[in-house]
Amino acid sequence: MTRKFRAPQLHFYDLASNVTAFSSTRHGGVSEGNYGTFNVNGFCGDNPDHIAQNRQALCKLLHIKTDRLVMPHQVHGTGITQISKTFFLLSEDIRRSVTEGIDALITNVPGVCIGVSTADCIPIIIYDPEHHAAGVVHSGWRGTVANIAEAAVASMVRSYHSKPERLLAVIGPGISRGNFEVGDEVYNSFASANYPMDAIAVREEKWHIDLPKCCQMQLEATGIPSASIRTTDICTYDQTDDFFSARRLGIDSGRILTGVVLR
């Protein structure tokens, strides 16, 4: 049975007048419990009927068709897929296959929402105002160690001739250093990837690593000016009333969608 609900409440980012960029909050929609009330991720155990209703509400708010909402099945890897016009000529099964095991999407197709799901990991939006193209990145600690943000920028350079020095980026809601407690094996993974550990990590009872700062360093290393990189400073672990946190709520909980629509 369809329940009445408010429109999804989104946290918007001002990138350009012809771009809608956002991260979803927990407000609006029909999901319940640890998925409540707004979850559109189909891979975390939520009621499929609730997910469908939430997706319809989101697409209505974004003024796009429901089949123009593209979200990959993420695996904490470095897979990147380009969403072109031909993607929408494929069958639903093939579309699902194309976005399986993918953690970043890029597109230059108007009227399409590409998005990634997070619940403590770091979402990144990249926008090329010169070529009107965009990318979204899911950067968990494994993806961050593997430089997925850098790979996404490189993909946009190849696909759209983007110039890193002209790109804009947003680092969305994610877990803060104070709450991202890790074991020695995770610390060693970052150290082996040549991160400046004195700048990104601090030892308390265990190591704490600053994932947003790591992502900013990656983006700056590609040539994006630091002034063109915005951070929300929203810690999902601290602000679970408004944003999902897997560390606070468990993995059987909702996910934030960070997305971008070119107009």
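The structure under discussion appears in the preceding block.
Overview of the structure. (Residues numbered from 1 in each chain as written. Predicted model: local features only at pLDDT ≥ 70, side-chain atom pairs only at ≥ 80, totals over all residues. Heavy atoms only, no water.)

### Looking at helix H5 (residues 184–192)
One turn of the α-helix equals 3.6 residues, which is why residues spaced by three or four share an orientation. Every buried residue of H5 is listed here: Val186, Tyr187 and Phe190. Buried residues in H5, looked at end-on, bunch into an arc of 100°, giving them a common side. Among the exposed residues of H5, those pointing more than 90 degrees away from its buried face are Glu185 and Ser192. Among the structural elements, helix H3 (141–145), strand E10 (181–182), helix H6 (197–200), strand E11 (201–203), strand E12 (207–209) and helix H7 (211–222) are those in contact with the buried residues of H5. Positioned one or two residues after H5, Asn194 has a phi angle of 70°, which is positive. (Buried < 20%, exposed > 50% of the residue type's maximum accessible area, 1.4 Å probe, protein only. Helix = DSSP H or I, 4+ residues; strand = E, 2+ residues; numbered from the N terminus. Arc of directions from axis to C-beta. Contact = heavy atoms within 4.5 Å.)

### Looking at the sheet that holds E10
Taken together, the three strands give an open sheet; going across it, the order is E10-E12-E11, and neighbouring strands pair in antiparallel fashion. What marks the edges here is a single partner per strand, and that holds for E10 and E11. Bridge analysis of E11 against E12 gives three bridges, and the strand direction is antiparallel. Counterpart to Arg203 in the pairing with E12 is Trp207. Its contacts with the sheet place H5 against E10, E11 and E12, and it is angled at close to 45° to E12. (Pairing = 2+ DSSP bridges. Axes fitted to C-alpha atoms, helices over the stretch in contact; angles between N-to-C directions.)

### Here's the deal with the packing of aromatic side chains
Here a ring pair, both rings aromatic, is described through the centre-centre distance and the interplanar angle of the planes. Enumeration over the complete set of coordinates arrives at three aromatic pairs. With a centroid separation of 5.2 Å and 85° between ring planes, the pair formed by Phe87 and Phe88 is classed as edge-to-face. Here Phe87 matches Phe88 in class, with each residue buried. Pairing Tyr187 with Trp207 gives two aromatic rings, centres 3.9 Å apart and planes at 20°, and the pair type is stacked. (Phe/Tyr/Trp six-rings, centres within 6.5 Å; stacked < 30°, edge-to-face > 60°.)

### Considerations on the sheet that holds strand E13 (residues 229–231)
Whenever strands of a sheet pair, they do so through backbone hydrogen bonds, lying parallel or antiparallel. Ordered by their spatial adjacency, six strands build an open sheet running E4-E5-E8-E7-E9-E13, and the pairing between neighbours is mixed. The two strands at the open ends of the sheet, each matched to only one other strand, are strand E4 (80–83) and E13. Across this sheet, the average inter-strand angle for adjacent strands is 15°, counted without regard to direction. Across three bridges, the pairing between strand E9 (residues 168–171) and E13 is parallel. In the sheet register, Ala169 faces E13, and the bridge partner there is Ile229. Along the sheet, helix H4 (residues 148–160) makes contact with E4, strand E5 (104–107), strand E7 (122–128) and strand E8 (133–139), crossing E8 at roughly 160°.

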